[in-house]
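Survey of secondary and tertiary structure
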Amino acid sequence: MSISLSSLILLPIWISMAHIQQGGPDEKEKTTALKDLLSRIDLDELMKKDEPPLDFPDTLEGFEYAFNEKGQLRHIKTGEPFVFNYREDLHRWNQKRYEALGEIITKYVYELLEKDCNLKKISIPVDATESEPKSFIFMSEDALTNPQKLMVLIHGSGVVRAGQWARRLIINEDLDSGTQIPFIKRAMDEGYGVIVLNPNENYIEVEKPKIHVQSSSDSSDEPAEKRERKDRVSKETKKRRDFYEKYRNPQREKEMMQLYIRENGSPEEHAVYVWDHFIAQSAAENVFFVAHSYGGLAFVELMIQREADVKSKVTAVALTDSVHNVWHQEAGKTIREWMRENCCNWVSSSEPLDTSVESMLPDCPRVSAGTDRHELTSWKSFPSIFKFFTEASEAKTSSLKPTLTRRSHRIKHEEL
């Protein structure tokens, strides 16, 4: 059994405390002092000393993983699924390794959007200078020119980026359940233009510049010998401090600062920006949204800010386990009425797919996604969403409403 360095450091203190606790009342003062000493020890920093370097591969091949023909991530030698606990008792290191793999997955999905789905990567802000921070979205060739249908996809919050529903599903399940690619391909097969939002790409990170503090006193009048002595002492102090810091925190990560992207500094801002500069400019007579989790909240915020425009252009909205709240977001009565008629929320539930689910909020109908796992709701409701959009399009033509909005629980919502 291996014993970590941190355990070896703390072991004598624990033994001393055990001996003291066996003594009488006179030993309480010593116990208090030892407890105070323990409270000053940063266990996280001590554990870092046992870690291997935080130096991970930057390719799937480097991790020795690849996606098979079923879209599942498998080890290229063993064929086994991804293993999180690659090193036992090193949770922080394992988490950093997982995050490094996640960044590679993000780039891999971007490549699939361009090469496999034939989407274009569009930089935003559209008028950005060369030096300012930028983000991007993805669009099909006909996204702005398709006269009939346009589908807009919005993922939830967290580490996911454009083209993803859930990183966990991509790594542990497959690409179909964890990415938006099945939605994109089917939409394009059925004649939709497609726009894929990137609402979590709100800033870029750069290393914090080192600030050199100059002495406030004017040393020009000091004798040369005294200035040399002060410089020597300063250099020695810095050397000792750097040595101590390296010992105390050998895995110290760079200090970073965030530079936010103009008009795209939050998911809500991003949704409004893409609406103003792309969706509102599109030729499509019918616009459809698929919004997962926090993406639903971003859509409701878009409605609040662009109510008339959204109502005139959007035919139907499919939400998947949306976290929006019409009360907290202060959505007005006319917005709530429109949502009841044109939206449907597939929520996590153990009930069969499309079974009505009651809600205390008077916004849109809620039906089961056929799964109680939040991250799977988009994939499990995939066929129902396309059916809902088809019905909504037909209903618009014939001045009828989609069948999903004419459930018995809708009447109860209106009574509220």
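Described below are features of the structure shown in this document. (Residues numbered from 1 in each chain as written. Predicted model: local features only at pLDDT ≥ 70, side-chain atom pairs only at ≥ 80, totals over all residues. Heavy atoms only, no water.)

1. Some remarks on the overall build of the chain
In terms of regular secondary structure, the chain is built from 16 helices and 12 strands. Within the span of the chain, comprising 416 residues, buried residues form 45% of the whole. Accessible area for the chain stands at about 23100 Å²; split by element, carbon and sulfur atoms hold 50% of it. (Helix = DSSP H or I, 4+ residues; strand = E, 2+ residues; numbered from the N terminus. Buried < 20%, exposed > 50% of the residue type's maximum accessible area, 1.4 Å probe, protein only. Areas by Shrake-Rupley, 256 points an atom, 1.4 Å probe, with all protein chains shown as cover.)

2. Considering unusual backbone geometry
Backbone torsion omega between Ile124 and Pro125 reads -5°, so that peptide bond is classified as cis. Among the structural elements, Pro125 can be located in the loop between strand E3 (120–124) and strand E4 (135–139). Positive phi values are uncommon outside glycine, yet Glu263 reaches one of about 65°. Tracing the chain through its elements places Glu263 in the loop between strand E8 (256–260) and helix H10 (267–279). Residue classification places Glu263 among the partly exposed residues on the basis of a relative accessible area of 42%.

3. Considerations on the side chain of Thr315
Mapped onto the fold, Thr315 is located in strand E10 (residues 314–320). Polar contacts involving the side chain of Thr315 include one to the side chain of Asn286, which spans 2.7 Å. Setting aside residues up to four positions removed in sequence, Thr315 forms contacts with Glu285, Asn286, Val287, Phe288, Asn342, Ala392, Ser393 and Lys396. (Polar contact = N/O pair within 3.5 Å; in protein donor to acceptor, adjacent residues only side chain to side chain. Contact = heavy atoms within 4.5 Å.)

4. Section: the environment of Lys134
Residue placement: Lys134 occurs in the loop between E3 and E4. What makes Lys134 partly exposed here is its relative accessible area of 30%. Distance in space between the C-alpha atoms of Lys134 and Leu259 is 9.8 Å, their sequence separation being 125 residues. If sequence neighbours within four positions are ignored, Lys134 has contacts with Ser123, Ile124, Ala128, Thr129, Ile204 and Ile261. Reaching out from Lys134, the side chain makes a polar contact with the backbone oxygen of Thr129 at a distance of 3.1 Å. For Lys134, the side chain forms a polar contact with the main-chain oxygen of Glu132, separated by 3.1 Å.

5. Quick word on the sheet that holds strand E9 (residues 286–292)
Two orientations exist for strands paired in a sheet by backbone hydrogen bonds: parallel and antiparallel. Read from one edge to the other, the open sheet built from eight strands follows the order E3-E4-E6-E5-E9-E10-E11-E12, with strand pairing classed as mixed. Two strands bound the open sheet, and with one partner strand each, they are E3 and strand E12 (366–368). For this sheet the average axis-to-axis angle between neighbouring strands, irrespective of direction, equals 20°. Here E3 pairs with E4 via five bridges, running antiparallel. Each bridged residue has a counterpart across the sheet, and for Lys120 the counterpart in E4 is Met139. Docked against the sheet, helix H15 (residues 382–398) engages strand E5 (149–154), strand E6 (192–196), E9, E10 and strand E11 (343–347), running at close to 160° with respect to E10. (Pairing = 2+ DSSP bridges. Axes fitted to C-alpha atoms, helices over the stretch in contact; angles between N-to-C directions.)

6. Some points on the packing of aromatic side chains
The geometry of an aromatic ring pair is captured by two quantities: the separation of the ring centres and the angle between the planes. Enumeration according to the criterion identifies 21 aromatic pairs in this entry. A ring pair is formed by Trp379 and Phe382, whose centres lie 5.5 Å apart and whose planes are at 25°; its orientation type is stacked. Residue class for Trp379 comes out partly exposed when judged on its relative accessible area of 26%. Relative to Phe389, the ring of Phe388 has its centre 5.9 Å away and its plane inclined at 40°; by these criteria the two rings are tilted. One exposure class covers both Phe388 and Phe389, and it is buried. Between the NZ or CZ atom of Lys149 and the centre of the ring of Tyr192, over which it lies, the distance is 4.1 Å. (Phe/Tyr/Trp six-rings, centres within 6.5 Å; stacked < 30°, edge-to-face > 60°. Lys NZ or Arg CZ within 6 Å of the ring centre and 35° of its normal.)

7. Quick word on the environment of Gln180
Along the chain, Gln180 turns up in the loop between helix H7 (175–178) and helix H8 (181–189). Leaving out residues up to four positions away in the same chain, Gln180 has contacts with Leu153, Ile154, His155, Gly163, Gln164, Trp165 and Val196.

8. Observations regarding the pattern of salt bridges
Counting across every chain of the model gives 14 salt bridges. Note that Lys120 is salt-bridged to Glu141, the shortest N-O span being 3.9 Å. Taken together, the residues span a long stretch of sequence, with Lys120 in strand E3 and Glu141 in the loop between E4 and E5 at a distance of 21 residues. Among the residues examined, Glu141 registers a relative accessible area of 58% and is labelled exposed. Taking the shortest distance from any N to any O, the salt bridge between Arg186 and Glu190 comes out at 2.8 Å. Owing to a relative accessible area of 28%, Arg186 belongs among the partly exposed residues under this scheme. Since its relative accessible area comes to 30%, Glu190 is described here as partly exposed. Residues joined in a network through salt bridges with shared partners are Asp127, Glu132, Arg262 and Glu263. (Salt bridge = Lys/Arg side-chain N within 4 Å of Asp/Glu carboxyl O.)

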